[in-house]
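Topology and contacts: notes
The primary structure of each chain is shown beneath.
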Amino acid sequence: MNYFALIGDIIDSKKINNRYQVQKTLESCLKQLNANYSSVVVSKMSITLGDEFQGLLSLDAPLFQIIDCINVAMQPYQIRFGLGLGTILTDINPEQSIGADGPAYWYARKALQYIHQKNDYGTTQIAVHFEGGHNVEVINTLIASGEAIKASWRASQEIILQKLLENDIYHEAFDQQALAKELDLTTSSALSKRLKSSNIKVYLRTRNCALKLLKYAGEE
């Protein structure tokens, strides 16, 4: 059986002055996500080292939604993510992912190494790896495209994604009137301008397309 393995680490964590508090924020974030997404968390996302964490998720997991929840919770600190798709050779402990091993984690670690080598001048902080040849390149290109869109966002544009996540929305067909109300925007044109300038619908489309391809690969 295939799983999604997720490994993340805080970028330049040793340079953070309040490092302990940031680690506690990460711990709290992972605990909340483990609860919110318990139906797709196979082995709870756990801190493995002070600034690194990992978890095991089912193929039904909304991977990029979970990643964006972590990114929002950890702002302004950046996190690097490696995603692996594959099997697990050891026993799986549902309460913590420490000690689990197998191709899924090997590939996630390889994806992290890829990000170290090719991060598009610091723009791309997510990569995937699995035994899929051309499909791996296609998915990583989709991810990098989304990362490039997000890298240009101002605070007023970042809050759009934050509000969507708060309402468990991660697709481009959302209620714009409801979103405008969440953002305290009085006119639809104000929201339309912000949506257009942020390209958030394209961002969500690239993420969901990448996830769809990953799921196909995992089910083959």
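Read on for an overview of the structure. Computed from a predicted structure; not experimentally measured.

Notes on the packing of helix α2 (residues 63–74) against helix α5 (residues 155–166)
The interhelical angle for the contact between α2 and α5, taken along N-to-C directions, is 120°, at an axis separation of 10 Å. In terms of their interaxial angle, α2 and α5 are classed as oblique. Considering how the two elements wind past one another, α2 and α5 form a crossing that is left-handed. Facing Gln65, Asp68, Cys69 and Val72 of α2, the residues of α5 in contact are Leu161, Gln162 and Leu165. Residues belonging to the contact of α2 with α5 are distributed by class as follows: 4 nonpolar, 2 polar and 1 charged.

A look at the environment of Ser43
Tracing the backbone shows Ser43 in strand β2 (residues 41–49). The buried category is assigned to Ser43, whose relative accessible area is 1%. Taking the C-alpha atoms as reference points, Ser43 and Asn17, separated by 26 residues in sequence, lie 31 Å from one another. Among all residues touching Ser43, those that are not within four sequence positions of it are Gly55, Leu56, Ile92, Asn93, Pro94, Gln96 and Ser97. Among the polar contacts made by the side chain of Ser43, one reaches the main-chain amide nitrogen of Ser97 at a distance of 3.3 Å.

Brief notes about the sheet that holds strand β5 (residues 126–129)
Ordered by their spatial adjacency, 5 strands build an open sheet running β2-β3-β1-β4-β5, and the pairing between neighbours is mixed. Each end of this open sheet is capped by a strand with a single partner; those strands are β2 and β5. Between one strand axis and the next, the sheet turns by 15° as a mean value, whatever way the strands run. When strand β1 (residues 3–10) meets strand β3 (residues 52–57), the two strands line up antiparallel, connected through 6 bridges.

A closer look at the packing of aromatic side chains
Following the criterion strictly, the structure yields 2 aromatic pairs and no others. For the ring pair Phe53 and Phe81, a centre distance of 6.2 Å and an interplane angle of 75° mean the geometry is edge-to-face. In this pair, Phe53 is assigned in strand β3 and Phe81 in strand β4 (residues 79–86), connecting sequence segments 28 residues apart. Take Phe53: its relative accessible area is 0%, and that puts it in the buried class. The exposure class assigned to Phe81 is buried, which follows from its relative accessible area of 0%. One cation-aromatic arrangement involves Lys201 over Phe174; the distance from NZ or CZ to the ring centre is 5.2 Å.

Details of the pairing of β3
Most of β3 is tucked away, with 6 of its 6 residues classed as buried. Burial along β3 is two-sided: the residues Glu52, Gln54 and Leu56 and Phe53, Gly55 and Leu57 are all buried. Across 5 bridges, β2 lies against β3 in antiparallel orientation. Pairing of Ile47 across the sheet is with Phe53, part of β3. What sits between the antiparallel neighbours β2 and β3 is a turn of 2 residues.

Remarks on unusual backbone geometry
That bond from Gln75 to Pro76 is cis: its omega, 10°, falls within 30 degrees of zero. Counting through the fold element by element, Pro76 comes out in the loop between α2 and β4. Here Asp12, not a glycine, exhibits a phi torsion of approximately 55°, which is positive. With respect to the helices, strands and loops of the structure, Asp12 is situated in the loop between β1 and α1 (19–36). Unusually for a residue other than glycine, Asp120 sits at a positive phi of about 55°. Within the secondary structure layout, Asp120 lies in the loop between α3 (103–117) and β5.

Definitions and limits used
- Residues numbered from 1 in each chain as written.
- Predicted model: local features only at pLDDT ≥ 70, side-chain atom pairs only at ≥ 80, totals over all residues.
- Heavy atoms only, no water.
- Axes fitted to C-alpha atoms, helices over the stretch in contact; angles between N-to-C directions.
- Helix = DSSP H or I, 4+ residues; strand = E, 2+ residues; numbered from the N terminus.
- Parallel < 35°, antiparallel > 145°, perpendicular 65-115°, else oblique.
- Left-handed = near helix turned anticlockwise from the far one by under 90°.
- Contact = heavy atoms within 4.5 Å.
- Nonpolar A, V, L, I, M, F, W, Y, C, P; charged D, E, K, R; others polar.
- Buried < 20%, exposed > 50% of the residue type's maximum accessible area, 1.4 Å probe, protein only.
- Polar contact = N/O pair within 3.5 Å; in protein donor to acceptor, adjacent residues only side chain to side chain.
- Pairing = 2+ DSSP bridges.
- Phe/Tyr/Trp six-rings, centres within 6.5 Å; stacked < 30°, edge-to-face > 60°.
- Lys NZ or Arg CZ within 6 Å of the ring centre and 35° of its normal.

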